[in-house]
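Close look at the chain arrangement
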Amino acid sequence: MATRKVVKVGEEILRKKSKEVKDFDESLWQLLDDMKETMHASDGMGLAAVQVGILRRAIVVEVNNAFIELINPVITAKKGEDIEQEGCLSVGNFRGRVKRPYQITVKAFDRFGYPFTLTGEKWLARCICHEIDHLNGILFIDNCLDKDIYLKQNRK
(Lines give C-alpha, C1' and ligand atoms only; values in the text may rest on other atoms or scores of the structure.)
Protein backbone atom coordinates (compact mmCIF):
# COMPACT_ATOMS: atom_id res chain seq x y z
CA MET A 1 0.00 0.00 0.00
CA ALA A 2 1.03 3.56 -0.64
CA THR A 3 -0.25 7.02 0.07
CA ARG A 4 -1.07 8.88 -3.13
CA LYS A 5 -1.24 12.62 -3.79
CA VAL A 6 -4.75 14.03 -3.45
CA VAL A 7 -5.81 16.10 -6.46
CA LYS A 8 -6.92 19.61 -5.45
CA VAL A 9 -9.71 21.88 -6.68
CA GLY A 10 -8.67 23.70 -9.84
CA GLU A 11 -7.03 20.63 -11.37
CA GLU A 12 -8.93 19.74 -14.55
CA ILE A 13 -9.22 16.01 -13.85
CA LEU A 14 -11.64 16.62 -10.94
CA ARG A 15 -14.24 17.88 -13.44
CA LYS A 16 -14.05 14.84 -15.73
CA LYS A 17 -16.48 11.92 -15.66
CA SER A 18 -14.87 8.68 -14.49
CA LYS A 19 -14.98 5.54 -16.62
CA GLU A 20 -16.57 2.24 -15.67
CA VAL A 21 -14.25 -0.37 -14.14
CA LYS A 22 -14.13 -3.44 -16.36
CA ASP A 23 -11.11 -5.31 -14.96
CA PHE A 24 -11.36 -6.53 -11.39
CA ASP A 25 -7.69 -7.40 -11.11
CA GLU A 26 -4.60 -6.74 -9.02
CA SER A 27 -4.20 -3.18 -10.35
CA LEU A 28 -7.72 -2.36 -9.07
CA TRP A 29 -6.94 -4.00 -5.72
CA GLN A 30 -3.76 -1.94 -5.41
CA LEU A 31 -5.68 1.23 -6.25
CA LEU A 32 -8.31 0.45 -3.59
CA ASP A 33 -5.64 -0.32 -0.99
CA ASP A 34 -3.83 2.92 -1.81
CA MET A 35 -7.08 4.88 -1.67
CA LYS A 36 -7.82 3.49 1.78
CA GLU A 37 -4.34 4.40 3.02
CA THR A 38 -4.55 7.87 1.46
CA MET A 39 -7.98 8.46 2.99
CA HIS A 40 -6.74 7.43 6.44
CA ALA A 41 -3.55 9.49 6.15
CA SER A 42 -5.65 12.53 5.18
CA ASP A 43 -8.21 11.95 7.95
CA GLY A 44 -11.05 11.61 5.45
CA MET A 45 -14.34 9.69 5.45
CA GLY A 46 -14.32 8.88 1.75
CA LEU A 47 -12.25 9.06 -1.40
CA ALA A 48 -12.97 8.62 -5.10
CA ALA A 49 -10.36 7.28 -7.52
CA VAL A 50 -10.43 10.56 -9.44
CA GLN A 51 -9.16 12.30 -6.29
CA VAL A 52 -5.91 10.38 -6.67
CA GLY A 53 -5.78 11.07 -10.41
CA ILE A 54 -7.41 7.86 -11.70
CA LEU A 55 -10.57 8.26 -13.82
CA ARG A 56 -12.24 5.02 -12.74
CA ARG A 57 -15.63 4.55 -11.02
CA ALA A 58 -14.27 3.37 -7.68
CA ILE A 59 -14.84 4.84 -4.22
CA VAL A 60 -13.95 3.97 -0.65
CA VAL A 61 -15.83 5.19 2.41
CA GLU A 62 -15.46 4.67 6.13
CA VAL A 63 -18.32 5.67 8.39
CA ASN A 64 -18.78 4.47 11.99
CA ASN A 65 -15.73 2.19 11.65
CA ALA A 66 -17.28 0.37 8.67
CA PHE A 67 -14.98 0.41 5.63
CA ILE A 68 -16.72 -0.10 2.28
CA GLU A 69 -15.41 -0.30 -1.28
CA LEU A 70 -17.86 0.42 -4.10
CA ILE A 71 -16.97 -0.19 -7.73
CA ASN A 72 -19.24 1.23 -10.46
CA PRO A 73 -21.76 2.45 -7.86
CA VAL A 74 -25.25 3.50 -8.96
CA ILE A 75 -27.84 5.00 -6.65
CA THR A 76 -31.12 3.16 -7.24
CA ALA A 77 -33.31 4.79 -4.57
CA LYS A 78 -33.35 7.96 -2.47
CA LYS A 79 -35.51 8.81 0.52
CA GLY A 80 -35.91 11.87 2.69
CA GLU A 81 -33.75 14.93 2.98
CA ASP A 82 -30.85 15.92 5.21
CA ILE A 83 -28.76 19.10 5.41
CA GLU A 84 -25.33 18.91 7.05
CA GLN A 85 -21.88 20.42 6.66
CA GLU A 86 -19.43 18.65 4.39
CA GLY A 87 -15.78 19.03 3.63
CA CYS A 88 -13.56 17.49 0.98
CA LEU A 89 -9.94 16.42 0.82
CA SER A 90 -9.73 18.00 -2.64
CA VAL A 91 -11.20 21.34 -1.55
CA GLY A 92 -9.18 22.12 1.57
CA ASN A 93 -10.40 23.58 4.85
CA PHE A 94 -13.76 24.95 3.66
CA ARG A 95 -16.86 23.28 5.09
CA GLY A 96 -20.36 24.05 3.90
CA ARG A 97 -23.94 22.84 4.13
CA VAL A 98 -25.21 20.49 1.43
CA LYS A 99 -28.67 19.00 0.97
CA ARG A 100 -28.53 15.23 0.42
CA PRO A 101 -30.99 12.34 0.67
CA TYR A 102 -31.39 10.98 4.20
CA GLN A 103 -31.34 7.40 2.89
CA ILE A 104 -30.03 5.84 -0.31
CA THR A 105 -29.83 2.40 -1.85
CA VAL A 106 -26.84 1.79 -4.08
CA LYS A 107 -25.88 -1.09 -6.37
CA ALA A 108 -22.17 -1.70 -6.82
CA PHE A 109 -19.51 -4.35 -7.19
CA ASP A 110 -16.86 -5.40 -4.70
CA ARG A 111 -13.17 -5.60 -5.58
CA PHE A 112 -13.63 -9.11 -7.01
CA GLY A 113 -16.49 -8.16 -9.32
CA TYR A 114 -19.34 -9.52 -7.21
CA PRO A 115 -22.48 -7.36 -7.23
CA PHE A 116 -24.14 -6.17 -4.04
CA THR A 117 -26.79 -3.74 -2.89
CA LEU A 118 -26.38 -1.49 0.13
CA THR A 119 -28.84 0.79 1.90
CA GLY A 120 -27.38 3.53 4.07
CA GLU A 121 -28.71 6.44 6.10
CA LYS A 122 -27.50 9.81 7.36
CA TRP A 123 -23.67 10.00 7.18
CA LEU A 124 -23.18 6.82 5.17
CA ALA A 125 -25.71 8.01 2.59
CA ARG A 126 -24.12 11.48 2.56
CA CYS A 127 -20.60 10.12 2.14
CA ILE A 128 -21.55 7.76 -0.70
CA CYS A 129 -23.46 10.53 -2.51
CA HIS A 130 -20.49 12.90 -2.11
CA GLU A 131 -18.06 10.35 -3.57
CA ILE A 132 -20.38 9.35 -6.43
CA ASP A 133 -20.62 13.05 -7.30
CA HIS A 134 -16.81 13.03 -7.67
CA LEU A 135 -17.15 10.22 -10.23
CA ASN A 136 -19.34 12.56 -12.28
CA GLY A 137 -17.04 15.59 -12.02
CA ILE A 138 -19.15 17.30 -9.35
CA LEU A 139 -17.67 18.83 -6.19
CA PHE A 140 -19.66 19.48 -3.03
CA ILE A 141 -19.04 23.21 -3.46
CA ASP A 142 -21.15 23.08 -6.65
CA ASN A 143 -24.27 22.27 -4.60
CA CYS A 144 -23.24 23.94 -1.37
CA LEU A 145 -25.84 26.12 0.33
CA ASP A 146 -22.91 28.27 1.49
CA LYS A 147 -21.34 28.59 -1.97
CA ASP A 148 -21.23 32.39 -1.73
CA ILE A 149 -18.97 32.12 1.34
CA TYR A 150 -16.66 29.72 -0.52
CA LEU A 151 -16.47 32.04 -3.51
CA LYS A 152 -15.66 35.07 -1.33
CA GLN A 153 -12.90 33.14 0.47
CA ASN A 154 -11.38 31.89 -2.78
CA ARG A 155 -11.43 34.94 -5.04
CA LYS A 156 -8.18 35.45 -6.85
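Shown above is the structure to which this text applies.
Heads up: these notes are all about the structure in this document. Just so it is clear, the model here is predicted, and its values are computed rather than measured.

**As for unusual backbone geometry**
Located in the positive-phi region is Asn64, a residue other than glycine, with phi close to 55°. Using a relative accessible area of 75% as the deciding quantity, one classes Asn64 as exposed.

**So, the pairing of strand β3 (residues 66-79)**
Here six bridges tie strand β2 (residues 58-63) to β3, and the two strands are oriented antiparallel to one another. Its bridge partner lying in β3, Val61 is registered against Ile68. Where β2 folds back on β3, the antiparallel hairpin that results is connected by two residues, among which Asn64 adopts a positive phi of roughly 55°.

**Concerning the pattern of salt bridges**
Should their charged atoms come close, side chains of opposite charge can pair. On inspection of all chains with the given rule, the structure shows 14 salt bridges. Of the charged contacts, one joins Lys122 and Glu84 as a salt bridge, the two residues approaching to 2.7 Å between their closest N and O atoms. Taken together, the residues span a long stretch of sequence, with Lys122 in helix α2 (residues 122-135) and Glu84 in strand β4 (residues 82-88) at a distance of 38 residues. Each of the salt bridges in this network shares a partner with another, and the network as a whole consists of Asp82, Glu84, Glu86, Arg100, Lys122, Arg126 and Asp133.

**Concerning the environment of Phe116**
Mapped onto the elements of the fold, Phe116 is located in strand β7 (residues 115-121). Expressed as a C-alpha distance, the spacing of Phe116 and Val106, which sit ten residues apart in the sequence, is 8.4 Å. Contact partners of Phe116, with chain neighbours within four places excluded, come to Glu69, Leu70, Val106, Lys107, Ala108, Phe109 and Asp110.

About the criteria used
- Residues numbered from 1 in each chain as written.
- Predicted model: local features only at pLDDT ≥ 70, side-chain atom pairs only at ≥ 80, totals over all residues.
- Heavy atoms only, no water.
- Buried < 20%, exposed > 50% of the residue type's maximum accessible area, 1.4 Å probe, protein only.
- Pairing = 2+ DSSP bridges.
- Helix = DSSP H or I, 4+ residues; strand = E, 2+ residues; numbered from the N terminus.
- Salt bridge = Lys/Arg side-chain N within 4 Å of Asp/Glu carboxyl O.
- Contact = heavy atoms within 4.5 Å.

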